[in-house]
Amino acid sequence: MSVLDNFDTWKGFLANRIQQAQQQGMDQQTMSTVAAEVGDYLAQSVEAKNSEEAVLKELWNAASEQEQQAIANIMIKLVQKQ
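Procedures and definitions
- Residues numbered from 1 in each chain as written.
- Predicted model: local features only at pLDDT ≥ 70, side-chain atom pairs only at ≥ 80, totals over all residues.
- Heavy atoms only, no water.
- Salt bridge = Lys/Arg side-chain N within 4 Å of Asp/Glu carboxyl O.
- Helix = DSSP H or I, 4+ residues; strand = E, 2+ residues; numbered from the N terminus.
- Buried < 20%, exposed > 50% of the residue type's maximum accessible area, 1.4 Å probe, protein only.
- Core = buried A, V, L, I, M, F, W, Y, C linked by side-chain atoms within 4.5 Å.
- Contact = heavy atoms within 4.5 Å.

Per an unreviewed UniProt entry, the protein is named DUF3243 family protein, and its organism is Oceanobacillus profundus.

J.: What am I meant to see in the pattern of salt bridges here?
T.: Two side chains bearing opposite charge may form a pair once their charged atoms approach each other closely. Counted under the stated rule, the structure contains one salt bridge. Where Asp 8 meets Lys 11, a salt bridge forms, and the shortest distance between an N and an O atom there is 3.6 Å. With Asp 8 and Lys 11 both in helix α1 (residues 7–23), this residue pair falls three residues apart, about one helical turn. You can call Asp 8 exposed: its relative accessible area is 53%.

J.: Any chance you could explain the nonpolar core here in plain terms?
T.: Generally speaking, soluble globular proteins have nonpolar side chains that are buried together. Membership of the largest hydrophobic core is limited to ten residues, which are Phe 7, Trp 10, Leu 14, Ala 15, Ile 18, Ala 21, Met 31, Met 75, Ile 76 and Val 79. For this core, the secondary structure elements donating two or more residues are α1 and α4 (65–80). Excluding its chain neighbours within four sequence positions, the residues that come into contact with Leu 14 are Met 75 and Val 79. Counting residues in each nonpolar core, the second largest holds six residues, with Ala 36, Trp 60, Ala 63 and Ala 72 among its members.

Right under this line is the structure:
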C-alpha cells in the first residue's frame, strides 16, 4: 500500500517528516515553504488516491499562492496535533 492510498497513513508520514525536520533544526517558516513545494508537486504530478486527497487537490488548484501557503501551514498544524 502506498503512503497516498490512505489519508491517515499520509498524515502519519507527514507528521514523521515534520518531526525529523524539527529535530534537525528546521524552523517553522522553512517547513512551511517545503510543505508548499510538496503541495505543488502533489497537485501537479500525483493522482488523488482517496476523497480527502481529491478535496485537497481541488482546494490547492483553486487557491492563490498565498492561500496555498495557508493550506500548507494548516496541514502542518493538523499533523502536529496528533
